Amino acid sequence: MQFELKHVFDGSVDQVIDAMLDPTLADYLTSHMKQLQDLKTLERVDEGQLVRRKIRYVPVPLISSVGPKKVPPEALAWVEESTFDRRSREIRFKNIGEHHKVRKHLENGGVLRFRELGAGRTERVISGELKIANLPLLLRPLAPIAEQLIYSNAQKLLNEEARVFNDFIKQRASATPAGAAG
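Below, the structure is looked at part by part. Just so it is clear, the structure is predicted and the values come from calculations on it, not from any experiment.

Calculation notes
Residues numbered from 1 in each chain as written. Predicted model: local features only at pLDDT ≥ 70, side-chain atom pairs only at ≥ 80, totals over all residues. Heavy atoms only, no water. Helix = DSSP H or I, 4+ residues; strand = E, 2+ residues; numbered from the N terminus. Axes fitted to C-alpha atoms, helices over the stretch in contact; angles between N-to-C directions. Parallel < 35°, antiparallel > 145°, perpendicular 65-115°, else oblique. Left-handed = near helix turned anticlockwise from the far one by under 90°. Contact = heavy atoms within 4.5 Å. Pairing = 2+ DSSP bridges. Phe/Tyr/Trp six-rings, centres within 6.5 Å; stacked < 30°, edge-to-face > 60°. Buried < 20%, exposed > 50% of the residue type's maximum accessible area, 1.4 Å probe, protein only.

**Quick notes on unusual backbone geometry**
- Phi is positive for Arg 89, which is not a glycine, with a value near 60°.
- Residue placement: Arg 89 occurs in the loop between β6 (78–85) and β7 (90–97).
- With phi around 55°, Ala 119 is a residue other than glycine that occupies positive phi space.
- Structurally, the position occupied by Ala 119 is in the loop between β8 (106–118) and β9 (121–132).

**Let's talk about the packing of helix α2 (residues 25–32) against helix α4 (residues 143–175)**
- Contact pair α2 / α4: the axes reach a minimum separation of 10 Å and the direction vectors enclose 125°. With respect to their mutual orientation, α2 and α4 come out oblique. Every pair of crossing elements has a handedness; the one defined by α2 and α4 is right-handed. Across the interface between the two elements, Leu 25, Tyr 28, Leu 29 and His 32 of α2 pack against Glu 160, Glu 161, Val 164, Phe 165, Asp 167, Phe 168 and Gln 171 of α4.

**Focus: the sheet that holds strand β2 (residues 36–46)**
- Here we have seven strands laid out as an open sheet, ordered β1-β9-β8-β7-β6-β3-β2, and antiparallel in their pairing. Single-partner strands in this sheet number two, and they are β1 (2–10) and β2. Strand after strand, the sheet turns through a mean of 20° between neighbouring axes, direction not considered.
- Two strands pair when backbone bridges link them, and strand β3 (residues 50–59) and β6 are joined in this way by eight bridges, in the antiparallel orientation. Considered in β6, the bridge of Ile 55 is made with Glu 80.
- Contacting β1, β2, β6, β8 and β9, α4 crosses the sheet at an angle of about 10° to β1.

**Looking at the packing of aromatic side chains**
- Applying the stated criterion across every chain, the model contains four aromatic pairs.
- Relative to Phe 165, the ring of Phe 9 lies with its centre 5.1 Å away and its plane at 80°, an arrangement referred to as edge-to-face. Here Phe 9 is found in strand β1, whereas its partner Phe 165 is found in helix α4, with 156 residues between them in sequence.
- On the basis of relative accessible area, Phe 9 is assigned to the buried category, the value being 0%.
- Judged by centre distance (5.0 Å) and plane angle (10°), the ring pair of Tyr 57 and Trp 78 falls under stacked. Remark: Trp 78 occurs in strand β6 and Tyr 57 occurs in strand β3; sequence separation between them is 21 residues. This pair shows no difference in class: Tyr 57 is buried, exactly as Trp 78 is.

**Notes on the pairing of β8**
- Across six bridges, the pairing between β7 and β8 is antiparallel. The partner of Phe 93 across the bridge, within β8, is Gly 110.
- Where β8 meets β9, 12 bridges bridge the pair, whose relative direction is antiparallel. Bridge pairing in β9 places Phe 114 opposite Arg 124.
- With antiparallel pairing between neighbouring strands as the criterion, β8 and β9 make up a hairpin whose turn holds two residues, including Ala 119 at a positive phi of roughly 55°.

**Considering the side chain of Ser 127**
- In this structure, Ser 127 sits in strand β9.
- In this structure Ser 127 touches Phe 3, Glu 4, Phe 93, Gly 109, Gly 110, Val 111 and Arg 113, once residues within four positions along its chain are discounted.

**Observations regarding the pairing of β3**
- Most of β3 sits inside the fold, with seven of its 10 residues counted as buried.
- Relative to β3, β2 runs antiparallel, the two being bridged by nine bridges. The partner of Arg 44 across the bridge, within β3, is Arg 53.
- Connecting β2 to the next strand, β3, in antiparallel fashion are three residues, including Gly 48 with a positive phi near 85°.

Shape descriptors only; they carry no functional weight alone.
The following block contains the structure:
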């Protein structure tokens, strides 16, 4: 399934991007989001025009068990592999499930674009594809239902992230003296 989510932040594009690349953001999101159990930057390589990142996310579990089997939070963990292009103000990403069964069946990737709205506001548009693949023939009809369920929960997580991230942007702006670079 194709998807698109839009969020608006209180800050210029440069302020939003600077906040997004702030090394303290992961800890801030982890401590302020209810739907996120853990967030760690595994790798960050700044090549000037490009910033390549690997970030591990562990959401709060959607379900605690499937029948008698417990579902540990780590089973739902994924690693975002992304490249931020400063010139185009775009982040291309691919989310890769850590658990081998998730990795085998879930394909997810896309792009985040940032644009100035004026009056010190920035829009972030996340677009991409979420696909359940490689299912046995009899389970294939369930793929659209699974995609919608995953998307619905991802949407809730990203909406919460946007709210908390906007608070982070405001906090950084109030901590930066007027006229100073953020």
